[in-house]
Amino acid sequence: IHKYNSRYIRTQSATMKLSIRTYTYFILAIIACLSLQVVAEVQECAAGDAPGSCEDPSCPSRPHIVRCAGKFLDTNFNKKLERAELETAINALPWYSRSVLKIIGSIDKIMKKCDADGDDAIGMETDMPATEETCLASCFKRKAFKAAFFPECTE
């Protein structure tokens, strides 16, 4: 009987419009809150926080990776990642992590891409800036490298 009652139809239409309007305001409020959170994080990073404190975990920067490699992989502290240090670090990984590193390449490929001067050591201050286009150039490779060797690094 209510199907044909125009008053009932108008009431249902107004209720539906109200619920759509309420839903829209709710979504806009969530977007505004998220935007404020992002702006606050950007302002914190711009305020000059310590290096690495504003790193994006989904895409670590090359300087972040270099700092972490220096801290965790450079065992003789000469600011170079030598072939032996790299081999030791890779051999210490579980077998399943070594397979992920095949994405980055073998030790020979890593040295070819990252050792600009050919001295069989990747200089953190010399080779890394010179090989920006070839060594750990993609977010995916940097993320895989960090996850394998120093997942908790916050340098």
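Here the structure is shown first, and the text comes after it.
Since the structure is predicted, the reported quantities are computational estimates derived from the model, not experimental observations.

Undergrad: How would you sum up the side chain of Lys146? Please name residues and give values.
TA: Mapping Lys146 onto the fold places it in helix H7 (residues 139–149). Within the structure, the side chain of Lys146 is placed 2.9 Å from the side chain of His64, a separation counted as a polar contact. Aside from chain neighbours lying at most four places away, what touches Lys146 is Pro60, His64, Ile65, Pro151 and Cys153.

Undergrad: Outline the packing of aromatic side chains, listing residues and values.
TA: Applying the stated criterion across every chain yields a total of three aromatic pairs. Note on Phe72 and Phe150: the rings are 5.9 Å apart at their centroids and 25° apart in plane angle, and the pair reads as stacked. Here Phe150 lies in the segment after H7 and Phe72 lies in helix H2 (residues 62–72), a separation of 78 residues in the sequence. Given a relative accessible area of 41%, Phe72 falls into the partly exposed group.

Undergrad: Could you give an account of the environment of Ala69, naming the residues involved and the relevant values?
TA: Tracing the backbone through its elements, the reader meets Ala69 in helix H2. Note on Ala69: relative accessible area 5%, which makes it buried. Considered as a pair, Ala69 and Lys80 are 11 residues apart in the sequence and their alpha carbons are 9.4 Å apart. Here Ala69 is in contact with Asp74, Met124 and Phe150, once residues within four sequence places are set aside.

Undergrad: Any chance you could break down the nonpolar core for me, citing the residues and the numbers?
TA: Ranked by internal contacts, the top residues of the largest apolar core, which has 27 residues, are Leu73, Phe145, Phe149 and Phe150. What Leu73 contacts, discounting residues up to four positions off in sequence, is Cys68, Leu81, Glu85, Ala89, Phe145, Phe149 and Phe150.

The rules we used
Residues numbered from 1 in each chain as written. Predicted model: local features only at pLDDT ≥ 70, side-chain atom pairs only at ≥ 80, totals over all residues. Heavy atoms only, no water. Helix = DSSP H or I, 4+ residues; strand = E, 2+ residues; numbered from the N terminus. Polar contact = N/O pair within 3.5 Å; in protein donor to acceptor, adjacent residues only side chain to side chain. Contact = heavy atoms within 4.5 Å. Phe/Tyr/Trp six-rings, centres within 6.5 Å; stacked < 30°, edge-to-face > 60°. Buried < 20%, exposed > 50% of the residue type's maximum accessible area, 1.4 Å probe, protein only. Core = buried A, V, L, I, M, F, W, Y, C linked by side-chain atoms within 4.5 Å.

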